[in-house]
Amino acid sequence: MKAAPWIHWIALPTSLLIWGLVAALLDTPLLPGPLAVLQTLWGEVRAGELQHHLGVTLRRVLLSFALAMALGTLLGVWMGRAPLVNALLDPLLVLFLNLPALVTIILLYVWLGLVETAAVLAVVINKVPNVAVTVREGARSLDHRLEQMAAVYHFTRWQRLAHVWTPQLFPYLMAATRGGLALIWKIVLVVELLGRSDGVGFQLHMAFQVFDVASLLAYSLAFIAVVQVIELAVLQPLERRASYWRQAGGRHA
């Protein structure tokens with residue numbers, strides 16, 4: 001049974017209500033209520049601080065995300081289509097999958113210094129293995145009958161990529177994209193907290209120094225809201241449009 005649209009608007013308002021009630025009962029600066037956080041958020045907006053630091057973090061997230069998706073997709077398709085390459089690189093892939101992000105960040109800051117290149121590279125190195133593993137599974141499951149059809153009709157390499165491979169790999173790419181955004185922005189915050197002088201992570205570090213919980217929550221919720229807008233405005237419409245052929249095929253079956 002399909003859920004009514006209004007069902008989706010129950011959890012968040014209920015959570016805000018519970019948050020406000022608990023904050024009012026405890027009456028402590030360690031748990032400010034929603035209104036106090038909103039006032040702090042508005043103060044940061046008026047001062048121009050929120051826009052600046054949010055923009056810096058978003059730039060790092062988008063750059064790291066684009067590089068990690070491109071490299072991880074190429075690596076995943078290569079390993080999925082070439083058993084020898086997969087056998088050679090799989091141990092390294094497992095190694096990097098289990099390497100803590102904190103270790104990578106610290107090592108790159110030690111080796112390269114507290115520079116932007118080290119910050120972005122640390123995020124990319126931590127995300128590429130996740131993308132590669134997901135896309136590799138998609139590359140392994142490509143339908144060989146479609147490959148035979150492409151050979152019969154003399155598809156060029158680009159035609160195979162656009163009309164045979166990409167539609168089949170798309171669910172795996174979307175899974176890597178969603179997981180990538182969720183993981184990358186968290187790693188970026190750690191990178192900023194440890195070695196940058198701007199960004200949301202830096203602001204969280206400064207707020208922690210003085211136990212300013214209202215600022216911690218304000219910056220965190222602001223960035224979560226931006227990521228949620230990207231999910232609703234970009235990722236979900238893209239997924240619906242790209243998977244339309246599956247729905248159309250089901251209706252005509």
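The name recorded for the protein chain in an unreviewed UniProt entry is ABC transporter permease, from Halomonas heilongjiangensis. What the UniProt record of the protein chain gives under Subcellular location (unreviewed entry) is the line "Cell membrane".

Enquirer: Describe the UniProt feature "domain: ABC transmembrane type-1" (unreviewed entry) in the protein chain, with residues and values.
Expert: Look at the UniProt record and you will see "domain: ABC transmembrane type-1" (unreviewed entry) annotated at residues 54–234. Helix makes up 88% of residues 54–234 and strand 0%. Its end C-alpha atoms lie 19 Å apart.

Enquirer: Account for the UniProt feature "transmembrane region" (unreviewed entry) in the protein chain, with residues named and values stated.
Expert: Feature annotation in UniProt places "transmembrane region" (unreviewed entry) on residues 6–26, 61–80, 92–112, 169–194 and 214–235, given in this structure's numbering. Taken end to end, residues 92–112 is 86% helix and 0% strand, and its two terminal C-alpha atoms sit 22 Å from one another. As annotated, residues 214–235 comprises 100% helix and 0% strand, and the C-alpha atoms at either end are separated by 30 Å.

Enquirer: How would you sum up helix α5 (residues 101–112)? Please name residues and give values.
Expert: With twelve residues, α5 extends 16 Å from end C-alpha to end C-alpha; this agrees with the ideal 16 Å at 1.5 Å per step. Taken as a whole, α5 has its buried residues at T104, I105, L108 and Y109. Within α5, the buried residues cover an arc of 125 degrees as seen down the axis, which keeps them to one side. When the buried face of α5 is taken as reference, the exposed residues oriented beyond 90 degrees from it are V110 and W111. Where α5 is buried, its residues meet α6 (116–140) and α8 (157–195). One or two steps after α5, the chain reaches G113, where phi turns positive at roughly 95 degrees.

Reading guide: rules and limits
- Residues numbered from 1 in each chain as written.
- Predicted model: local features only at pLDDT ≥ 70, side-chain atom pairs only at ≥ 80, totals over all residues.
- Heavy atoms only, no water.
- UniProt positions renumbered as here; feature names shortened; annotations may be inferred.
- Helix = DSSP H or I, 4+ residues; strand = E, 2+ residues; numbered from the N terminus.
- Expected span 1.5 Å × (residues − 1).
- Buried < 20%, exposed > 50% of the residue type's maximum accessible area, 1.4 Å probe, protein only.
- Arc of directions from axis to C-beta.
- Contact = heavy atoms within 4.5 Å.

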